[in-house]
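Given next are the chains, with one letter for each unit.
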Amino acid sequence: MAEIITVEDPDDPRLRDYTGLTDVELRRRREPAEGLFIAEGEKVIRRARHAGYEMRSMLLSAKWVDVMRDVIDEVPAPVYAVSPDLAERVTGYHVHRGALASMQRKPLPDATELLRATRRIVVMEAVNDHTNIGAMLPLGLQRSAGQRVAIFEDIVDHANLGAAFRNAAALGVDAVFLTPRCADPLYRRAVKVSMGAVFHVPWTRLTSWPKDIELFRRHGFVTAALCLGEKSITIDELAARRYEKLALMLGTEGEGLSVDALRAADEWVRIPMAAGVDSLNVAAASAVAFYATRLQ
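Given the structure is predicted, the values throughout are model-derived calculations rather than measurements.

Secondary-structure assignment places Arg 105 in the loop between β5 (99–104) and α5 (111–117). At 2.7 Å, the side chain of Arg 105 and the backbone oxygen of Leu 36 are in polar contact. Those residues in contact with Arg 105 that sit more than four places away from it in its chain are Glu 31, Pro 32, Gly 35, Leu 36, Phe 37, Tyr 53, Asp 184 and Leu 186.

Pairs of aromatic rings are described using the distance from one ring centre to the other and the angle between the two planes. One pass over the structure, following the stated rule, counts seven aromatic pairs. Measuring from ring centre to ring centre gives 5.6 Å for Phe 37 and Phe 199, while their planes differ by 40°; the resulting arrangement is tilted. With Phe 37 in strand β2 (residues 36–40) and Phe 199 in the loop between α8 (188–194) and β8 (203–205), the pair connects residues that are 162 residues apart, well separated along the chain. Like Phe 199, Phe 37 is buried. Between Phe 152 and Phe 165, the ring centres sit 6.1 Å apart and the planes meet at 75°, which makes this aromatic pair edge-to-face. Residue Phe 152 is located in strand β6 (residues 147–152), and its partner Phe 165 is located in helix α7 (residues 158–170); the two are separated by 13 residues in the primary sequence. By the burial criterion, Phe 152 is buried, and Phe 165 matches it. A network of ring pairs unites the aromatic residues Phe 37, Tyr 53 and Phe 199 as a single cluster. Lys 106 extends its terminal NZ or CZ atom over the ring of Tyr 53, reaching a point 4.5 Å from the ring centre.

A sheet is described by the order of its strands in space; here seven strands give the open sequence β8-β7-β6-β11-β9-β12-β10, paired in parallel fashion. Across the chains shown, the open sheet's two edge strands, defined by having one partner strand only, are β8 and β10 (233–234). Pairing geometry for strand β9 (residues 222–226) and strand β11 (residues 245–250), over four bridges, is parallel. If you follow Val 222 over to β11, its bridge partner there is Leu 246.

In total, this model carries 17 salt bridges according to the counting rule given. Taking the shortest distance from any N to any O, the salt bridge between Glu 34 and Arg 16 comes out at 3.0 Å. Of the two residues, Glu 34 is situated in helix α1 (residues 24–34) and Arg 16 in the loop between β1 (4–6) and α1; the sequence distance between them amounts to 18 residues. Its relative accessible area of 44% is what places Arg 16 among the partly exposed residues. Glu 31 is the partner of Arg 27 in a salt bridge, and the nearest nitrogen-oxygen pair spans 2.8 Å. One end of the pair is Arg 27 and the other is Glu 31, both in helix α1 and four residues apart, which spans about a single turn. The residues Arg 27 and Glu 31 share a single accessibility class, namely buried.

Okay, the environment of Ser 258 next. Mapped onto the elements, Ser 258 comes out in the loop between β11 and α11 (259–264). A relative accessible area of 28% means that Ser 258 is categorised as partly exposed. Separated by 48 residues in the primary sequence, Ser 258 and Pro 210 place their C-alpha atoms 9.1 Å from one another.

Analysis parameters
- Going along each chain's sequence as written, the residues are numbered from 1 onward.
- In keeping with the model being predicted, local features are shown solely for residues with a pLDDT of at least 70 and side-chain atom pairs are shown and tallied solely at 80 or more, while totals for entire chains, interfaces and linings include all residues.
- Here the side-chain values reflect all heavy atoms present in the structure, with hydrogen atoms and water set aside.
- In DSSP terms, a helix is any run of H or I states spanning at least four residues, a strand is any run of E spanning at least two, and both are numbered starting from the N terminus.
- Counting of polar contacts relies on pairs of N or O atoms within 3.5 Å, with two restrictions inside protein: one atom must be capable of donating a hydrogen and the other of accepting it, and residues adjacent in sequence are counted only when both atoms are side-chain atoms.
- When checking whether two residues touch, look at their non-hydrogen atoms; a contact exists if any pair is within 4.5 Å.
- Pairing of aromatic rings covers Phe, Tyr and the six-membered ring of Trp, with a centre-to-centre limit of 6.5 Å; geometry is then stacked below 30 degrees between planes, edge-to-face above 60, and tilted otherwise.
- Only protein chains enter the accessibility calculation, which uses a 1.4 Å probe; a residue is then buried when its area is under 20% of its type maximum, exposed when over 50%, and partly exposed in between.
- As a reminder, the over-ring test applies to NZ of lysine and CZ of arginine, requiring each to be within 6 Å of the ring centre and within 35 degrees of the ring normal.
- Pairing between two strands requires that DSSP report at least two bridges joining them.
- Salt bridge, as used here, is a side-chain nitrogen of Lys or Arg placed within 4 Å of a carboxyl oxygen of Asp or Glu.

Next comes the structure, spelled out in structure tokens:
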């Protein structure tokens, strides 16, 4: 059972994990270096725990203590009870959800290991009807013949990255690979936008991009770059080819995929548009691409 500790001093060193949460540059440096990330809100905290992340501590306003009582009773990490005003002074913003948790990061898997281990995972949360779960389990145990992964190149906006991870989870993408300059999917805003989907989609960070495209080829993947190039085929044409192993590549906001990434890709793919619109936001484009190429 966790110990509930009332804290009244915003400079209390025990609250260090929660300081300056609105300072993006500070948190981007600190959190990976210190092996932590912040989960915000009851649902996200619970999903992080269910995904096997170890809790370092919780920061709660008084009215959230009862809501999180079962978690408090289950984990040994300290729980810091603070007033809403003190929480705002520590974090730099009004914590309207009233519950924050500092979680311990897990080591990232090697990209080769992740490609070898990639398989379809079915997450069944709060399914209480035994008839329903009995009918669902055989489907959940079936492995599809095909595999799809996503490669995100230099997506720097945390909201876009979180939304793209949520799309990947919802539409059955098996794993996500990030280039070195991509934003941190465990940054608070990315986790919040994804509604915790970043905990359930296997992911890792590539170390030598775009040379790492060869890694996907060695494992039998066709790499398909989402772009507006003249030689691109439509997403429907790509889906009709039914590649057994497909890696969908999406680029940074605005500029899209780099020239080197496009040169290295096997296929160029576009999403047909109407009304003179030339492109979609990268998160929206990921949803269309993931849905169009879903495994039937």
